[in-house]
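Structure assessment
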Amino acid sequence: MELTVLGGCGAWPTPWQACSGYLVVCDGFRLLIDPGYATLPPLLAAVRAEDVDAVLVTHGHPDHCADLNPLLRARALGGADPPPPPLPLYSLPGALDAVLALDPTGMLDGAWTPREFSAGARFGIGPFSVATWLLPHFVPNAGLRLTDPRGRVLAYTGDTGPSPRLPELARDADLFLCEATHPDAVPAQDAGRLLSARLAGRYARQAGAARLLLTHLWPGTPHEDALGAARDTFAGPLGVATSGTVVRPGHIQSTKTSSHPW
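The rules we used
Counting from 1, residues in each chain are numbered in the order their sequence is written. Only residues with pLDDT of at least 70 are given local features in this predicted model, and only at 80 or more are side-chain atom pairs given and counted; all residues enter the totals for whole chains, interfaces and linings. The side-chain values count all of the structure's non-hydrogen atoms but skip hydrogen atoms and water molecules. In this analysis, strands are considered paired if DSSP registers two or more bridges between them. Runs of E in the DSSP output that reach at least two residues are strands. Runs of H or I that reach at least four are helices, and both are numbered from the N terminus. Each axis is a line fitted through C-alpha atoms, taken for helices only over the stretch in contact, and angles between the N-to-C directions span 0 to 180 degrees. When checking whether two residues touch, look at their non-hydrogen atoms; a contact exists if any pair is within 4.5 Å. Any Phe, Tyr or Trp ring, taking Trp's six-membered ring, that has another such ring centre within 6.5 Å forms a pair; planes under 30 degrees apart are called stacked, those over 60 apart edge-to-face, and the others tilted. Categorising residues by exposure relies on relative accessible area from a 1.4 Å probe, with only protein chains included: less than 20% of the type maximum marks a residue as buried, more than 50% marks it as exposed, and the intermediate range marks it as partly exposed. Along the arc lie the directions from the helix axis toward the C-beta atoms. Salt bridges are defined as contacts in which a side-chain nitrogen from Lys or Arg sits within 4 Å of a carboxyl oxygen from Asp or Glu.

Things to note about the sheet that holds strand β10 (residues 141-147)
Sheet architecture is open: seven strands sit in the order β8-β9-β10-β11-β12-β13-β14, paired in mixed fashion. Unpaired on one side and paired on the other, β8 (122-125) and β14 (238-240) mark the two borders of the sheet. When the angles between neighbouring strand axes are averaged without regard to direction, this sheet yields 20 degrees. Pairing analysis gives four bridges linking β8 to strand β9 (residues 128-135), with the strands arranged antiparallel. Of the residues in β9, the one forming a bridge with Arg122 is Ala131. Lying over the sheet, helix α7 (residues 223-231) contacts β13 (212-215) and β14, oriented at roughly 150 degrees with respect to β14.

Structure below.
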């Protein structure tokens, strides 16, 4: 299993960082997770649009799914010969309704096929076994646990607030990709729906996760602030999800060492 970070910025993209987006590849199968704002350009720098095999979305906020629209346009209108098959879209019920309605009816007919699931479901996508958890956020959000055929585990929260389910989600994971919008205190109005880096570190320690990758930082948050807060609660290898980072869960590897001591 290999994870390429397309972006890890919360809320909106910056000139240097796309919003949430992750390409996970195993045995040649390319799974795109959470194609948020501005993730299509870095995706296309890595693979062709028609080579994406499936999309998995944690929740319907546009910073996690907006670039599904241009991806589908590229597949449907790009002139590939033969045309790519309909793209399987895995999501909670209704989560993709808004983004799929952006184009006129019929324009993207045949470009996708829905694969809706309920939080708590377990299913397969290509070589991956996927387990899901309903986690607290402003809209329904599915935490994800992906296991590859070799037993490597990637756990990903999507966006979430504090939950006793998080240590279960990330139990003994090779890589825990965890929401960390704020370094320390989360503003009171958001405290039940978002996490801090400090809490992310605590959950990673409770879960026994091998490595922690912080994501969904608020735009402009200094990475060292988030890393410092998480280091107070998690002693293992630690980093921030930044565009272009490549990690192989279960292996000590990253293309960007400045935020990744492993």
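Examining the packing of aromatic side chains
One pass over the structure, following the stated rule, counts five aromatic pairs. An aromatic cluster of three or more residues is present, and its members are Tyr90, Phe117 and Phe123.

Brief notes about the environment of Gly10
Locating Gly10 in the fold gives a position in the loop between β1 (2-9) and β2 (18-19). Residues Gly10 and Gly36, 26 residues apart in the sequence, show an inter-C-alpha distance of 9.4 Å. If near-sequence neighbours (up to four positions away) are discounted, Gly10 is found in contact with Asp63, His216, Leu217 and Pro219.

Let's talk about helix α3 (residues 68-77)
Residues Leu68, Asn69, Leu71, Leu72 and Arg75 constitute the buried set of α3. Buried residues in α3, looked at end-on, bunch into an arc of 160 degrees, giving them a common side. One or two residues past the end of α3 sits Gly79, with phi positive at roughly 80 degrees.

Some remarks on unusual backbone geometry
Omega for the peptide link from Asp81 to Pro82 comes to 5 degrees, which places this bond in the cis form. Mapped onto the elements, Pro82 comes out in the loop between α3 and β6 (87-91). The phi dihedral of Asp27 falls on the positive side, at around 50 degrees, and the residue is not glycine. Here Asp27 is to be found in the loop between β3 (21-26) and β4 (29-33). What makes Asp27 exposed here is its relative accessible area of 54%. With phi around 70 degrees, Ala38 is a residue other than glycine that occupies positive phi space. Positionally, Ala38 belongs in the loop between β4 and α1 (40-46).

Some thoughts on the pattern of salt bridges
For the structure shown, the criterion picks out eight salt bridges. Here Arg48 makes a salt bridge to Asp51, at a shortest N to O gap of 2.8 Å. One salt bridge connects Arg73 with Asp103, and the closest N-O pair in it is separated by 2.5 Å. A residue pair is termed long-range when its members are at least 10 positions apart, and Arg73 in helix α3 and Asp103 in the loop between α4 (97-100) and β7 (112-116) qualify at 30 residues. One salt-bridge network, held together by shared partners, links Arg48, Glu50 and Asp51.

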